[in-house]
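Single-letter residue listing:
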Amino acid sequence: STLGGITATFDYTVVAGAPASISVVSGDNQTITAGGTLSDFVIELADTWGNLSTGVSGTIDGVAKTTGSNGRATLSPGTKTVAGSHSATASFGGLT
């Protein structure tokens, strides 16, 4: 507010809350030939209001990962040789 030319300013920072949603960004529903390489598995975490959740630790397909400044974590699953239907799970901040 301003009173006779004197101003008071309030600065504040809002940080993301606890992760409330986990989304697959890319890497789902892939089909490759045995010996082929899968594309990256990428997830994104956000709080209740859609703010990206950064620095959250978890796992993708059992491999330890941490979300970056973009709220995302990535796993490069590599080459796969066993034919059949497979799945990978991502677990972060109590979300799967």
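In this report, we go over the structure that sits alongside the text. (Residues numbered from 1 in each chain as written. Predicted model: local features only at pLDDT ≥ 70, side-chain atom pairs only at ≥ 80, totals over all residues. Heavy atoms only, no water.)

1. A word on the pattern of salt bridges
Then, number 1: Evaluation of the coordinates by the stated rule reveals one salt bridge.
Then, number 2: Residues Arg 72 and Glu 44 are paired through a salt bridge, measuring 2.9 Å at the closest nitrogen-oxygen approach. Highlighted residues: Arg 72 in strand E8 (residues 72–75) and Glu 44 in strand E5 (residues 41–46), separated in sequence by 28 residues.
Then, number 3: A relative accessible area of 33% places Arg 72 in the partly exposed class. (Salt bridge = Lys/Arg side-chain N within 4 Å of Asp/Glu carboxyl O. Helix = DSSP H or I, 4+ residues; strand = E, 2+ residues; numbered from the N terminus. Buried < 20%, exposed > 50% of the residue type's maximum accessible area, 1.4 Å probe, protein only.)

2. Looking at unusual backbone geometry
Then, number 1: Phi at Asn 29 takes a positive value of approximately 55°, unusual for a residue other than glycine.
Then, number 2: Mapped onto the secondary structure, Asn 29 falls in the loop between strand E3 (21–26) and strand E4 (36–37).
Then, number 3: Of the residues examined, Asn 29 reaches a relative accessible area of 71% and is grouped as exposed.

3. Looking at the sheet that holds strand E7 (residues 63–66)
Note: strands within a sheet are paired through backbone hydrogen bonds, in either parallel or antiparallel orientation.
Then, number 1: The three strands are arranged E7-E6-E10 in an open sheet whose pairing can be described as antiparallel. Taken across any chain shown, the strands that pair with only one partner, and hence form the sheet edges, are E7 and strand E10 (90–92). Across the sheet, the axes of successive neighbouring strands diverge by a mean angle of 25°, strand direction being ignored.
Then, number 2: Here strand E6 (residues 57–60) pairs with E7 via four bridges, running antiparallel. Note on E7: the bridge partner recorded for Thr 59 is Ala 64. (Pairing = 2+ DSSP bridges. Axes fitted to C-alpha atoms, helices over the stretch in contact; angles between N-to-C directions.)

Everything listed here is a matter of geometry and, on its own, says nothing about what the molecule does.
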